[in-house]
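Observations on chain architecture
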Amino acid sequence: MTARGHGGQPEAPIRQVERDGLPSWLEPVRDAAERVLPEQLSRFLPPAEGGRAAAVLMLFGEGAAGPDLLLIERARSLRSHAGQPSFPGGALDPEDGDPGGPGPVAAALREAWEETGLDPAGVQVFATLPALYIPVSRFVVTPVLGWWREESPVRPVDAGETGAVFRVPIAELTDPANRARLRHPSGHLGPAFEVGGRLVWGFTAGVIDRVLHHSGLELPWDVSRTLDLSEEAIELAQGGDRGRAGSLSGGDAGSP
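Reading the values: rules and limits
Residues numbered from 1 in each chain as written. Predicted model: local features only at pLDDT ≥ 70, side-chain atom pairs only at ≥ 80, totals over all residues. Heavy atoms only, no water. Helix = DSSP H or I, 4+ residues; strand = E, 2+ residues; numbered from the N terminus. Buried < 20%, exposed > 50% of the residue type's maximum accessible area, 1.4 Å probe, protein only. Contact = heavy atoms within 4.5 Å. Phe/Tyr/Trp six-rings, centres within 6.5 Å; stacked < 30°, edge-to-face > 60°. pLDDT = per-residue confidence, 0-100. Pairing = 2+ DSSP bridges. Axes fitted to C-alpha atoms, helices over the stretch in contact; angles between N-to-C directions. Salt bridge = Lys/Arg side-chain N within 4 Å of Asp/Glu carboxyl O.

**With respect to the environment of V195**
Topologically, V195 is positioned in strand 10 (residues 189–195). Of the residues examined, V195 reaches a relative accessible area of 2% and is grouped as buried. C-alpha separation for the pair V195 and V168, spaced 27 residues apart in sequence, amounts to 7.2 Å. The contact partners of V195, leaving out residues within four places of it in the chain, are V168, E172, L173, N178 and V200.

Written out as structure tokens, the structure reads:
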């Protein structure tokens, strides 16, 4: 049983990155994360000064359909990025620690617990990606990569924040039939994935796209296939920044 801290939250000892002990299929992801450069992930890089530190958890597991990735869908009642699939995550709190040290890992695990009920004790953090920037919200986001070594039940903890928690098989993300470029009304083209009846786009899709590419898991796909962002998605995505993880979906601004 995991020890609980203030408000029932699991206690958060300083977590170290453990690179060994992963399943063989996940080792290329770890190796790519260790060598990738920020500019190979996104054209939006953190400014020399300013920006709000944040982190997301890119959690890999093995479900009934094989290797998969845990995602959430933002509640449709949110003022910002409502209904968008995204990684669990959000802004660093003071108790998370130094943004240049253990802070991003602590924040990613804490936010995942707050949003999905995930037990952080079952997660092996095996790498972090270089910090990326979401200009529209000024978040400096560190993607934290984890292996779901000991699974725990997950669900939307607060229906006002999280509409759904779901797992997407890696095979669906790499299936060429599920991949496309999404055209935003601004004219920007970014990666998109049509999986499980949902459209994954924005910052989340951009990170997934680059991780698949640099780890060698990507399969050849038709990069000329283009989708237009629906009016419903545009209306849901518009709104003020709540300062929570929902704003980390990033719209088109976080895509490579």
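**Focus: the packing of aromatic side chains**
According to the stated counting rule, one finds three aromatic pairs in the structure shown. Ring geometry for W25 and W147: centres 6.1 Å apart, planes at 80°, overall edge-to-face. Pair noted here: W25 is in the segment before helix 1 (27–35) and W147 is in strand 7 (residues 139–148), with a separation of 122 residues, a long-range link. Between F60 and F126, the ring centres sit 6.3 Å apart and the planes meet at 50°, which makes this aromatic pair tilted. Taken together, the positions of F60 in strand 1 (residues 52–63) and F126 in strand 5 (residues 123–128) put the pair 66 residues apart, joining distant regions of the chain.

**What about the confidence of the model for the protein chain?**
Low pLDDT marks regions whose predicted coordinates should not be analysed in detail. Of the residues in the protein chain, 82% reach a pLDDT of 70 or more, and the chain-wide mean stands at 87. With pLDDT under 50 throughout, residues 1–6 is counted as low confidence; its partners more than four residues away or in other chains account for 13 contacts.

**Some remarks on the sheet that holds strand 10**
The four strands lie next to each other as 11-10-9-12, forming an open sheet whose pairing is mixed. Edge strands, defined here as strands with exactly one partner in the open sheet, are strand 11 (198–200) and strand 12 (226–228). Sheet twist, expressed as the mean angle between neighbouring strand axes with direction ignored, is 40°. Examined bridge by bridge, strand 10 and strand 11 share three bridges and lie antiparallel to one another.

**Considerations on the pattern of salt bridges**
By the definition in use, this model includes 19 salt bridges. Across the pair R167 and D68 runs a salt bridge whose closest N-O atoms are separated by 2.8 Å. One end of the pair, R167, is in strand 8 (residues 162–169); the other, D68, is in strand 2 (residues 66–74), and 99 residues separate them in sequence. Given the relative accessible area of 5%, D68 is considered buried. Its salt-bridge partner being R110, residue D93 comes within 3.4 Å of it at the nearest N-O pair. Separated by 17 residues along the polypeptide, D93 in the loop between strand 4 (89–91) and helix 2 (103–116) and R110 in helix 2 bring together distant segments of the chain. Look at D93 and you get partly exposed, because its relative accessible area is 27%. Overall, the relative accessible area of 5% leaves R110 in the buried class. Connected via shared salt-bridge partners are R19, D20, R30, D31 and E34.

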